[in-house]
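Descriptive structure summary
Below are the chains, spelled out letter by letter.
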Amino acid sequence: MDPRRRSTEKPPVQSLHEEDSRRRASDALPLPLYLTNALFFTLFFSVVHFLLTRWREKIRTSTPLHVLTFSEILAVLAFLASFVYLLGFFGIEYVQSFLLRPSDDEDDEVVVVDGRFAACPQSLDLAAAPPPAMELQLLPQDDEEVVQSVVSGALPSYSLESKLGDCKRAASIRRESLQRITGRSLSGLPLEGFDYDSILGQCCEMPVGYVQIPVGIAGPLLLDGGEYSVPMATTEGCLVASTNRGCKAIHLSGGATSVLLKDGMTRAPVVRLPNIARAAQLKFYLEDPSNFDTVSMVFNRSSRFARLQSARCTMSGRSVYIRFCCSTGDAMGMNMVSKGVQNVLDVLQADFPDMDVVAISGNLCSDKKPAAVNWIQGRGKSVVCEAVIKGDVVRKVLKTSVKSLVELNKDKNLVGSAMAGALGGFNAHASNIVSAVYLATGQDPAQNVESSHCITLMESTNDGQDLHVSVTMPCIEVGTVGGGTQLASQSACLNLLGVKGANKETPGANARRLATIVAGSVLAGELSLMSALAAGQLVKSHMKYNRSSKDVTTHAAAAASS
C-alpha cells in the first residue's frame, strides 16, 4: 500500500481533533489568541532587526561576531522563543498540508477540510464538514483544445510550460497558436531537434523554435604556444575563409602573443542625495581607502568568486554614480556584480538613510552601449595581442606588401576612423569576428557593442622587411559558465577550444583564455581583410564566397515541402 495513501485515510477526523485542541489551548492563554500571535510577531521582527543592526555595526568596527553583550544574549533568546512559538502555531500545519496532499495517481475523491487536502472515503459525512467551493483546474489533454484556449485568450501563452510541465509540447502549442493568430506560417523555422528544457528560466522565454546558424572553423590559430581551432557562427560568406587565411599567416610566422591587462566586470548604480553636500560625503566615504575593506567585505558576500577591486564615484548635481568593478571567476559576471552592488547599497543606507537608490544601473557601467568609459578604463577582460608577420608570408599568403599594409592601416583605421568620430572603432572589422565567436560559444551577442572596441596598429619592423601588427581590446566580456554557454551546441564549441565550464584549479582561467582567443582571432581577421583591401581583392573575394548561384527560393520551398 502507498504510504502516502495510508497517511491520508483519516485527515478530516484528525483535523477536527486538532481544531478542538487548538481551541482548548487558546482558552488556557492569558491573552486572546490574536493578541498572543501579534505579540510574538512583533517580538520576532523586533529582535531580528536589532540583531541585524548590531551585526552590521560589528562588521563596520571589526568586532568578532561571537562576542555577545547581555542585551544581545537576551535578543537571541527572544528570537528563539518567538521562532519556536510561530513555527509551532503556523509552520507545522503548513508542512502537514503538503504531506497530506494526495498523489496525482490516486483515484479517491479529494475534498478540502480546514484547509487540508484529504482522500475522501465513502463513509465520510460531508454534511458535517462541507468543502469550500474550490476546484482544481486541469488543462485538457488534447493539444487542439489547449491551442484553442490560447487563441481565445483564456490561457496565457507564457504559462504553457508551467501548466503543461512539458517544454517541448508547450513550444509546439505556442507555435501553432501563433500561426493561427497571425495567419502566417512558421514552416521554415525548425521545432524538432532542440532541448527546450535546457533554456527554461535561463536563456529564452516563450520559444516557438530555433534559428539555425552555420558554424565554421578558422585555424589553427597559434597563440601563446598553443593551437586553437576557432568556431565561428555566421551567415556572412568569406568571413571564416578570410579569418582562416589570417590564422595561416600568423602560424607560418611563428604565432601570436597575448597579454591580459585587466579582468573586472563593472556595474554602476545611480543614487540621489538631498543636496550636493551629502552627495559629496558619500563620494568621499566610498573613495576613502580606510573604508574599502568594509565595503569589499559586504560586496564579496554575494559569491565566492566575486572580489571587489574598486568603487569609483562620479557626481552630477546631487546624484552619485558609483562604478563598482570586481572579478567574477569564469562567469561573465553581470548577475554576480549586481548582487554585490545591492548588498553594498543596503548597508550604505544605514549610514545614509536619506540616500535614494534611483537604479541599480545608471549607464556608467556601461553595458551594451559604446562608451568612452569602457574604452579608457576597460570592462571585462582587457587584452593586447600582437604578431610579427614575415615579409615573404605577407607577399605569398596575404598577396600584398608590408609598406602597403602600413599605409592603408594609417589612412583607414586611424585617420579614417578619426574623421568619422569613431569611439573604439579604430579597426577594419573586429565586430565581425567577435560576433561570430560569441554566437558560437554562447556569449551575450549584445555585448559585441563594447567587446568590439579595438584599435589595430601596423608598422614595419626588421628594417622594413617584416610587419608588426597588434590589436588592443579593452573590454572583451566573456564567460565559460552560465547563460548560453550551457546549451549543448555552444558547450561543444567551448570544449573544442578547451575552455568549457569553470576551471577547477584556477578560477577564471578559462574565461581569460577565451578572451585572448577572441583577441587572437580578431588579429587574424584584421590582417586578412586589410591585405584584401590593399591588394584590391575585397570585391572579387566577396563575389566568389558571398554569392550563391543556387535558386534559393526554389531550394527553400523544396526544403519546406520535405
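About the thresholds
- Residues numbered from 1 in each chain as written.
- Predicted model: local features only at pLDDT ≥ 70, side-chain atom pairs only at ≥ 80, totals over all residues.
- Heavy atoms only, no water.
- UniProt positions renumbered as here; feature names shortened; annotations may be inferred.
- Helix = DSSP H or I, 4+ residues; strand = E, 2+ residues; numbered from the N terminus.
- Areas by Shrake-Rupley, 256 points an atom, 1.4 Å probe, with all protein chains shown as cover.
- Core = buried A, V, L, I, M, F, W, Y, C linked by side-chain atoms within 4.5 Å.
- Buried < 20%, exposed > 50% of the residue type's maximum accessible area, 1.4 Å probe, protein only.
- Contact = heavy atoms within 4.5 Å.
- Expected span 1.5 Å × (residues − 1).
- Bend = angle between axes of the 7 residues up to and from the residue.
- Patch = residues over 30% accessible without salt bridge, like charges linked within 9 Å, V, L, I, M, F, W, Y side chains within 5 Å.
- Salt bridge = Lys/Arg side-chain N within 4 Å of Asp/Glu carboxyl O.
- Phe/Tyr/Trp six-rings, centres within 6.5 Å; stacked < 30°, edge-to-face > 60°.
- pLDDT = per-residue confidence, 0-100.
- Axes fitted to C-alpha atoms, helices over the stretch in contact; angles between N-to-C directions.
- Parallel < 35°, antiparallel > 145°, perpendicular 65-115°, else oblique.
- Nonpolar A, V, L, I, M, F, W, Y, C, P; charged D, E, K, R; others polar.
- Pairing = 2+ DSSP bridges.

As named in an unreviewed UniProt entry, the protein is 3-hydroxy-3-methylglutaryl coenzyme A reductase, taken from Linum trigynum. In the Pathway (unreviewed entry) part of its UniProt record, the protein is described as follows: "Metabolic intermediate biosynthesis; (R)-mevalonate biosynthesis; (R)-mevalonate from acetyl-CoA: step 3/3."

Each helix and strand in the protein was counted, giving 20 helices and 13 strands. Split by element, the accessible area of the protein, about 29,600 Å² in all, is 57% carbon and sulfur.

Moving on to the nonpolar core. Across soluble globular proteins, nonpolar side chains show a tendency to be buried alongside one another. Ranked by internal contacts, the top residues of the largest apolar core, which has 51 residues, are Met232, Ile389, Ile476 and Leu527. Counting residues per element, this core draws most heavily on helix 18 (residues 509-534), at 11 residues. Not counting chain neighbours up to four residues away, the residues in contact with isoleucine 389 comprise Ala249, Ile250, Ser253, Val394, Leu398, Asp466, Leu467, Val469 and Leu527. Core analysis: the second largest hydrophobic core is formed by 29 residues, Leu308, Cys326, Ala331 and Leu348 among them.

The terminal C-alpha atoms of helix 14 (residues 402-419), which comprises 18 residues, lie 24 Å apart, in line with the 26 Å expected from a rise of 1.5 Å per residue. The axis of helix 14 is deflected most strongly, by about 30°, at asparagine 409. All of the buried residues along helix 14 are Val402, Leu405, Asn409, Asn413 and Ser417. Looking one or two residues past helix 14, glycine 421 carries a phi angle of roughly 70°, positive in sign.

Before going further, it helps to spend a moment on a nonpolar patch on the surface. Nonpolar side chains collect at one region of the surface, where Leu68, Phe70, Ile73, Leu74, Leu77 and Leu80 lie side by side and expose about 590 Å² of accessible area between them. With respect to the secondary-structure elements, leucine 77 resides in helix 4 (residues 70-99).

As enumerated under the stated definition, the model contains 8 aromatic pairs in all. Arranged with centres 5.2 Å apart and planes meeting at 85°, the rings of phenylalanine 44 and phenylalanine 45 form a pair that is edge-to-face. Judged by relative accessible area, which is 16%, phenylalanine 44 ranks as buried. Using a relative accessible area of 52% as the deciding quantity, one classes phenylalanine 45 as exposed. Ring geometry for phenylalanine 299 against phenylalanine 324: centres 6.0 Å apart, planes inclined by 20°, an arrangement best described as stacked. With phenylalanine 299 in helix 10 (residues 289-300) and phenylalanine 324 in strand 8 (residues 319-327), the pair connects residues that are 25 residues apart, well separated along the chain. We note that phenylalanine 299, like phenylalanine 324, is buried. Of the aromatic side chains, those joined through ring pairs into one cluster are Phe44, Phe45, Phe79 and Phe83.

Across the protein, the average pLDDT comes to 85, with 80% of residues at or above 70. Contacts of residues 1-21 to residues separated by more than four positions or lying in other chains number 25 contacts, the stretch itself having pLDDT below 50. Counting interchain partners and residues more than four positions distant, the pLDDT-below-50 stretch residues 93-137 has 56 contacts.

Now for the packing of helix 14 against helix 18. In contact at an axis separation of 10 Å, helix 14 and helix 18 are set at 100° when each is read in the N-to-C sense. Taken together, the axes of helix 14 and helix 18 are roughly perpendicular relative to one another. Contact residues: helix 14 offers Ser404, Leu405, Leu408, Asn409, Lys412 and Asn413, while helix 18 offers Glu526, Met530, Ser531, Leu533 and Ala534. Taken together, the residues that form the contact of helix 14 with helix 18 break down as 5 nonpolar, 4 polar and 2 charged.

Mapped onto the elements, glycine 264 comes out in strand 5 (residues 257-267). Placed 73 residues apart in sequence, glycine 264 and valine 337 show a C-alpha to C-alpha distance of 9.7 Å. If near-sequence neighbours (up to four positions away) are discounted, glycine 264 is found in contact with Gln309, Cys325, Cys326, Arg379 and Gly380.

For residues other than glycine, phi is negative in most cases, and the peptide bonds are mostly trans. The step from glycine 219 to proline 220 runs through a cis peptide bond, and the omega angle for that step is 10°. Each neighbour pair has its own omega, and for cysteine 365 with serine 366 the value is -10°, a cis peptide bond. Considering the arrangement of structural elements, one finds serine 366 in the loop between strand 9 (356-359) and helix 12 (372-377). Positive phi, close to 85°, is recorded for cysteine 238, a residue that is not glycine. The exposure class assigned to cysteine 238 is buried, which follows from its relative accessible area of 14%. Of note, lysine 368 is a non-glycine position whose phi angle comes to about 60°, a positive value.

The next thing to look at is the pairing of strand 3 (residues 215-223). For strand 3 and strand 4 (residues 226-233), the ladder comprises 7 bridges, and the chain directions are antiparallel. Bridging from a neighbouring strand, valine 215 pairs with alanine 233 of strand 4.

Moving on, we come to helix 10. Helix length check: helix 10 (12 residues) gives 17 Å between terminal C-alpha atoms against 16 Å at 1.5 Å per residue, within 8%. Residues of helix 10 that are buried: Asn291, Thr294, Val295, Ser296, Val298, Phe299 and Asn300.

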